[in-house]
Amino acid sequence: GKIEAATQAFARAVELKPDHPQANKLLGVCLQKQGRDNEAVTYLRVAAAQDPEDAETQNDLGLSLVNLGQIDEAGASFREAVRLDQGLSKAQLNLGVYLAQRGRLGEALTHVTKATELEATYVEAWMTAAQIHSIQNNWGQALSASSRASEIDEENVEALYIRTDSLIRLGRINEAQLLYP
């Protein structure tokens, strides 16, 4: 399909201009979308070396590294992406998820919250915030974040579950029952 054609086009571009960071980056992203993360990492690392100020390349590199199980290296890539561009919401979220996985929930929440501030309709960021608040037994905040996720995506089952659980834990059983007509 289209992704295979794009991969071939960018591979040809890299072949013709191996020093072109965008060609390497886009080839890496195409490979990543096909689940070919070993190859993607190669091209994304080249692109990051050629254009060390590109936050999106660092973020994309981090995603492929996560897929390969290289979590700490992925975390370093996400941290670098955020350092380069504080306004890159997906890098803020990815760094937050990495930190949460490492048990650093306060730091994680700072980055996840920043992602929601940058992009108010970022469902994944709201859901991650709700999950972190749930882990911390901060049910009012979990309810708020999961409610916002539900407003954005009414069919998000996980948001409904966290909303219901939060209401129950807050002693608001009648409200929880109303969520299930």
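For clarity, every value in this text was computed on a predicted model and none was experimentally measured. (Residues numbered from 1 in each chain as written. Predicted model: local features only at pLDDT ≥ 70, side-chain atom pairs only at ≥ 80, totals over all residues. Heavy atoms only, no water.)

Undergrad: Can you walk me through the overall build of the chain in this structure?
TA: Across its full length, the chain holds eleven helices and zero strands. Along the chain direction, N to C, the helices and strands of the chain fall in the order α-α-α-α-α-α-α-α-α-α-α. Out of the 181 residues in the chain, the part that is buried amounts to 44%. Expressed as a percentage of contacts within the chain between residues at least 6 apart in sequence, the contacts between residues at least 24 apart total 46%. Averaging the positions of the 17 positive and the 25 negative side-chain charges in the chain gives two centres separated by 1 Å. (Helix = DSSP H or I, 4+ residues; strand = E, 2+ residues; numbered from the N terminus. Buried < 20%, exposed > 50% of the residue type's maximum accessible area, 1.4 Å probe, protein only. Contact = heavy atoms within 4.5 Å. Lys, Arg positive; Asp, Glu negative; His and termini not counted. Charge placed at Lys NZ, Arg CZ, Asp CG, Glu CD.)

Undergrad: Quick question: what am I supposed to make of a negative patch on the surface here?
TA: Together, Glu119, Glu124, Asp153, Glu154 and Glu155 line one region of the surface with negative charge. If you trace the backbone, Glu155 turns up in the loop between helix H9 (139–152) and helix H10 (157–169). (Patch = residues over 30% accessible without salt bridge, like charges linked within 9 Å, V, L, I, M, F, W, Y side chains within 5 Å. Areas by Shrake-Rupley, 256 points an atom, 1.4 Å probe, with all protein chains shown as cover. Salt bridge = Lys/Arg side-chain N within 4 Å of Asp/Glu carboxyl O.)

Undergrad: Explanation requested: the pattern of salt bridges in the structure shown.
TA: Pairing is possible between side chains that carry opposite charge, provided their charged atoms lie close to one another. Taken as a whole and assessed by the stated rule, the structure comprises twelve salt bridges. Across the salt bridge formed by Lys25 and Glu56, the nearest N and O atoms sit 3.9 Å from each other. Here Lys25 is found in helix H2 (residues 21–33), whereas its partner Glu56 is found in helix H4 (residues 55–67), with 31 residues between them in sequence. Across the pair Arg169 and Asp165 runs a salt bridge, and its minimum N-O distance is 3.0 Å. Placement of both Arg169 and Asp165 in helix H10 is noted, with a separation of four residues, approximately one turn of the helix.

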